[in-house]
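# A closer look at the structure
Each chain, letter by letter, is given below.
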2 protein chains.
Amino acid sequence: MPPKGTYINLPAAKQARILTAAVREFAENGYRRASLNTMVKELGIAKGSLYQYFVNKEGLFLYVFDRFTDLVKEMLASQVKNGPSANFFTQIQEALWAGIRFIDSQPDFYRIYLRVLFEEEVPQRRALLGKVRLFSMEYFGGLCAQAQAGGIIRQDLPCPMVVFLVESVLDRFLQAYASPDHDTGLGLATLSAGDRELAVVQIIDVLKSGLSPLRA
Amino acid sequence: MPPKGTYINLPAAKQARILTAAVREFAENGYRRASLNTMVKELGIAKGSLYQYFVNKEGLFLYVFDRFTDLVKEMLASQVKNGPSANFFTQIQEALWAGIRFIDSQPDFYRIYLRVLFEEEVPQRRALLGKVRLFSMEYFGGLCAQAQAGGIIRQDLPCPMVVFLVESVLDRFLQAYASPDHDTGLGLATLSAGDRELAVVQIIDVLKSGLSPLRA
DNA sequence: TCCTGATGTGACCGGGTGGTCATATTAGGA
DNA sequence: TCCTAATATGACCACCCGGTCACATCAGGA
């Protein structure tokens, strides 16, 4: 259910306005509660027009999520380009910083991602999550295999377990950073840049100690 | 907004039936989308009756969540009783097992908790989460302070950071266990009891290596 | 038995939703 | 300039929601 030709033919500026309004509405309310009436009122266009651009609410949402995956793909690509052979732990530290930058630059897109992650009534939820997970499994899974081969991390842990542990901590950190509601005690939102950097370093350090090969 | 006297006067069996139906409806649909119409149809009572028992939808929901916190309190109490002075890492391992048992015995209550955690339109969300967080901060925070004093874990990490790391991993594990949608690769739902135990042990082991004092 | 207060009932209300469609407006080639 | 096809419009529809309330039913003391 891609956007209709009518939407594609729109001037880029108007496309962007519509996308932005949709992203905000979905970010603030989730899929179900997001209101097309509110969106068109805010945009100053008729509801019928929206249906000239997209087949229905679901089509609009899928378009929005597609733009999100595009952004993630971009981010990962530049990530891979920057440090393909760096140490495992500096790589995941960089991934964490990349996540922070993403949230800073696209907070509403990140909120939509969280909505999809935790609301069950999102259309095609499984497929959407699958797409994103594929990125992250490929990325972290690849790093893990490489690091185990190089003796950087313990070899007695299956890669899915390593990925699980790394993702747990990184995701949770980003969730706390993005929304204070999920911050259970770090107070990330009000931390100074220096203290935030310290927190990042500490987290990576603990993962390093935890995942490095056991000393004899 | 506690239940009205009318509800309290109901035979215990009928109270239980209503509670169970409400828990299921909220677990399956979250607060907003949960339908009182569906509930009363399933219960075979009139909608007006529901409003004799509870002031409104919010009152019913708060009652349900209160029962959840009761269950959690119970669980924590028996946890503290069983092993007050055991090693930090065996304590958090036990906490993880307790979480697994809770999900096994009360899956719908756990789903409601996740809903509250990740849906923003839940009434009094902050207060509800605060209650639960208090339990966990007190429990894990206390364990951390004790463990740092005893030299069991690194003393250069602030306790909130330790709690954050432990909770990240434990919570994520339980989420994956409770709903395969959140399982990114461990396949917890289909693991044999033995493999699941192995996973638990590995996770605690990594946390142990990560949080133990650094060797000189 | 009858009366009264508590409890049970479901038709109904206002409001919001996603989606439709007959009609008005516009753009641009003939 | 005029005609036509593409686009814009918003009143309208059916549906579902939480919540209300006038009324039916019931329980049990007088």
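Heads up: these notes are all about the structure in this document. (Residues numbered from 1 in each chain as written. Chains lettered and ligands numbered in written order. Predicted model: local features only at pLDDT ≥ 70, side-chain atom pairs only at ≥ 80, totals over all residues. Heavy atoms only, no water.)

## Focus: the overall build of chain A
Within chain A, the secondary structure is distributed over 10 helices and 0 strands. Counted from the first residue to the last, chain A has its helices and strands arranged as α-α-α-α-α-α-α-α-α-α. Projected onto its principal axes, the C-alpha positions of chain A cover 70 × 35 × 30 Å. Counting all 216 residues of chain A, 53% fall into the buried class. Long-range contacts, defined here as pairs at least 24 residues apart, represent 68% of the contacts in chain A between residues at least 6 apart. (Helix = DSSP H or I, 4+ residues; strand = E, 2+ residues; numbered from the N terminus. Buried < 20%, exposed > 50% of the residue type's maximum accessible area, 1.4 Å probe, protein only. Contact = heavy atoms within 4.5 Å.)

## Concerning the relation of the copies chain A and chain B
It takes a turn of 180 degrees to lay chain A on chain B, together with a shift of 0.0 Å along the axis; the resulting RMSD is 0.1 Å. Considering both components of the superposition, the chain copies are consistent with a two-fold axis. No C-alpha of chain A approaches the rotation axis more nearly than that of G210(A), which lies at 1.8 Å. Mapped onto chain B, 100% of the interface residues of chain A again fall at the interface, so both copies present the same surface. (Least-squares fit on C-alpha atoms with pLDDT ≥ 70 in both.)

## Quick word on the protein's contact with DNA strand C
What surrounds DNA strand C is a group of 18 residues, the closest being A34(A), K47(A), Y51(A), K57(A) and Q52(B). Between DNA strand C and K47(A) there is a distance of 2.7 Å, counted from a base oxygen to a side-chain nitrogen or oxygen. A46(B) is positioned with one of its backbone polar atoms (N or O) 3.3 Å from a phosphate oxygen of DNA strand C. Those elements that provide at least two residues to the surface near DNA strand C are α3 (36-43) and α4 (47-53) of chain A together with α4 (47-53) of chain B. When residues of the surface near DNA strand C are assigned to their parent elements, the largest contribution, 5 residues, is made by α4(B). (Near = heavy atom within 4 Å. Polar contact = N/O pair within 3.5 Å; in protein donor to acceptor, adjacent residues only side chain to side chain.)

## Focus: the protein's contact with DNA strand D
Taken together, 17 residues sit near DNA strand D, with Q52(A), A34(B), K47(B), Y51(B) and K57(B) positioned nearest. In DNA strand D, atoms within 4 Å of the protein come from the sugar-phosphate backbone in 56% of cases. G48(A) places a polar main-chain atom, nitrogen or oxygen, 3.3 Å from a base oxygen of DNA strand D. The contact in question runs from a base nitrogen of DNA strand D to an N or O atom on the side chain of Q52(A), over 2.5 Å. Of all the elements in the fold, those that place two or more residues in the surface near DNA strand D are α1 (5-9) and α4 of chain A together with α3 (36-43) and α4 of chain B. The greatest single-element share of the surface near DNA strand D, amounting to 5 residues, is contributed by α4(A). Taken together, the residues that form the surface near DNA strand D break down as 6 nonpolar, 8 polar and 3 charged. (Nonpolar A, V, L, I, M, F, W, Y, C, P; charged D, E, K, R; others polar.)

## Examining the environment of T6(A)
Position of T6(A) relative to the elements: it lies in helix α1. If sequence neighbours within four positions are ignored, T6(A) has contacts with Q52(A) and Y53(A).

## Examining the state of the cysteines
Residues and elements named next belong to chain A. Within the structure shown, the criterion is met by 2 disulfides over all chains. Two residues, C144 and C159, share a disulfide whose sulfurs are 2.2 Å apart. With the S-S dihedral at roughly -100 degrees, the linkage between C144 and C159 falls on the left-handed side. Of this pair, C144 sits in helix α8 (residues 125-149) while C159 sits in helix α9 (residues 159-178), and the two are 15 residues apart along the sequence. (Disulfide = S-S within 2.5 Å.)

## A word on the interface of chain A and chain B
Counting from both sides, the interface comprises 44 residues of chain A and, opposite them, 45 residues of chain B. Here chain A and chain B share an interface that buries about 4300 Å² over both sides, 55% of which is from carbon and sulfur atoms. Its largest share of buried area at the contact with chain B, chain A owes to F118(A), F164(A) and D181(A), together 15% of the area lost on that side. Our enumeration of links across chain A and chain B arrives at 16 salt bridges. Close ionic contact of R125(A) with D181(B) constitutes a salt bridge, the shortest N to O distance being 2.5 Å. Counting residues per element, the ones that place at least two in the side of chain A that touches chain B are α2 (12-33), α7 (107-118), α8, α9 and α10 (193-211) of chain A. With 11 residues, the single largest contributor to the side of chain A that touches chain B is α9(A). Among the residues making up the side of chain A that touches chain B, the classes are represented as 18 nonpolar, 8 polar and 18 charged. (Buried area = accessible area lost by both parts, 1.4 Å probe. Salt bridge = Lys/Arg side-chain N within 4 Å of Asp/Glu carboxyl O.)

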